[in-house]
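Survey of secondary and tertiary structure
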Amino acid sequence: MGRVAKDGGSPQLREYIPDDPLGRIEDPPHGCVEDEITAVRRCLEVMYSKITELSAASASIRTDIACFNEKVADLDQRLSTVEDHIGMLPGHDAELLCLRGNITDLEDRSRRDNVRFFGIPEKREGTDIDLFLQSQLTELTGLTFSSLLKFQRVLRVGPPRSISSGRPSPVIACFLGHEQARQVLLKVRSQGPFLLEEQEIRVAADYSKVTNEQRKAFLALRTQLCKLDIKFRLFEPARM
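A few points on the structure. These numbers come from a predicted model, not from an experiment.

Secondary structure assignment for the protein yields six helices and eight strands. Across the protein, helices and strands are ordered from the amino to the carboxyl terminus as β-β-β-α-α-β-α-β-β-α-β-β-α-α. Across the 240 residues of the protein, 20% fall into the buried class. For the protein, the share of sequence-separated contacts (at least 6 apart) that also reach a separation of at least 24 residues comes to 54%.

The following block contains the structure:
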């Protein structure tokens, strides 16, 4: 490329042709510069639109980051509150343990009139389980109650089982008076299980789930004592 003066006028852009032995210079094609300027403008417009899109996306990202920071601050505050509460829990352990013990004691006291019967065949009671149990207890135990044997309610625990399925579901009887329930339990403790049509009927007091779990801890020891024919009793609250 070079610059030459034409008739003393202003210099113009010319193109040098190296293959021409005379070293002639040709004028650029008409409209080439205008096309290039138009192309550059189009590129600038595209770049401007892209920059605008990037600016909008950047603004959206900044908004999301601000929202995220607010959520993090809220979570940090909640975590701090939870940690403060957790730090206070050890001081309430003794109180919670005492309350649980009181609840268990109240539940056991509410069950003190209940007696569980294990081994009564399914459907043996017929349609009136209260009348059946009343007559069988009087006959099997040989006890003479000071008043008519009555129950608040008698029911089988769990869904009905078929006769061929094995062990029948237990029966729970809630006596109308605690003294009658106590007499039945004392009679069983001294005499042993009853026999109903050659079927062994075991009787036990009704305890809460917590107390039953605690009594299970003595199961192995109780088995050994029974084998040695040693009489024993568990006095609540029992401890190993």
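Positionally, Asp 206 belongs in the loop between strand S8 (199–205) and helix H5 (209–216). Only 3.1 Å separates the side chain of Asp 206 from the side chain of Arg 111, close enough to count as a polar contact. Here the side chain of Asp 206 touches Asn 114 through a polar contact of 3.1 Å, side chain to side chain. Look past the residues within four positions of Asp 206 in its chain and what remains in contact with it is Arg 111, Asn 114 and Arg 116.

Take the nonpolar core next. Core analysis: the biggest nonpolar cluster contains 21 residues, and Phe 117, Leu 133, Leu 137, Phe 151, Phe 175 and Val 203 have the highest contact counts within it. Elements that contribute at least two residues to this core include exactly strand S4 (114–118), helix H3 (129–141), strand S5 (151–156), strand S6 (171–175), helix H4 (178–191), strand S7 (194–196) and S8. Excluding residues that lie within four positions of it along the chain, Val 203 makes contacts with Val 115, Arg 116, Phe 117, Val 184, Leu 185, Val 188 and Phe 194.

Quick look at unusual backbone geometry now. For Asp 229, which is not glycine, the phi torsion reads 60° and is therefore positive. Look at Asp 229 and you get exposed, because its relative accessible area is 69%.

On to the sheet that holds S4, then. If you trace the five strands from one edge of the open sheet to the other, you get S5-S6-S4-S8-S7, paired in antiparallel fashion. Strand pairing shows two members of the sheet lacking a second neighbour, S5 and S7, which therefore form its edges. On average, each strand axis in the sheet is inclined to that of its neighbour by 25°, with strand direction left out of account. Docked against the sheet, H3 engages S4, S5, S6 and S7, running at close to 100° with respect to S5. H4 contacts S4, S6, S7 and S8 of the sheet and is inclined by roughly 125° relative to S8.

Next up on the list: a nonpolar patch on the surface. Taken together, the side chains of Val 40, Leu 44, Met 47 and Ile 51 define a hydrophobic patch exposed on the protein surface, amounting to about 390 Å² of accessible area. Tracing the backbone shows Met 47 in helix H1 (residues 32–88). Under the relative-accessibility criterion, Met 47 is labelled partly exposed at 48%.

A word on the pattern of salt bridges. All chains considered together, the criterion is met by eight salt bridges. A salt bridge links Arg 109 to Asp 105, with the nearest nitrogen and oxygen atoms 2.9 Å apart. Taken together, the residues span about one helical turn, with Arg 109 and Asp 105 both in helix H2 (residues 93–110) at a distance of four residues. The partly exposed category is assigned to Asp 105, whose relative accessible area is 36%. Among the ionic pairs, Lys 216 bridges to Glu 213, the shortest N-O distance being 3.8 Å. Here Glu 213 and Lys 216 lie together in helix H5, a separation of three residues that amounts to about one turn. Looking at Lys 216, the relative accessible area reads 53%, which means it is exposed. Ionic contacts of the salt-bridge type, sharing partners, join the residues Glu 107, Arg 111, Arg 116 and Asp 206 into one network.

Here is what the cut-offs are and how they apply
- Residues numbered from 1 in each chain as written.
- Predicted model: local features only at pLDDT ≥ 70, side-chain atom pairs only at ≥ 80, totals over all residues.
- Heavy atoms only, no water.
- Helix = DSSP H or I, 4+ residues; strand = E, 2+ residues; numbered from the N terminus.
- Buried < 20%, exposed > 50% of the residue type's maximum accessible area, 1.4 Å probe, protein only.
- Contact = heavy atoms within 4.5 Å.
- Polar contact = N/O pair within 3.5 Å; in protein donor to acceptor, adjacent residues only side chain to side chain.
- Core = buried A, V, L, I, M, F, W, Y, C linked by side-chain atoms within 4.5 Å.
- Pairing = 2+ DSSP bridges.
- Axes fitted to C-alpha atoms, helices over the stretch in contact; angles between N-to-C directions.
- Patch = residues over 30% accessible without salt bridge, like charges linked within 9 Å, V, L, I, M, F, W, Y side chains within 5 Å.
- Areas by Shrake-Rupley, 256 points an atom, 1.4 Å probe, with all protein chains shown as cover.
- Salt bridge = Lys/Arg side-chain N within 4 Å of Asp/Glu carboxyl O.

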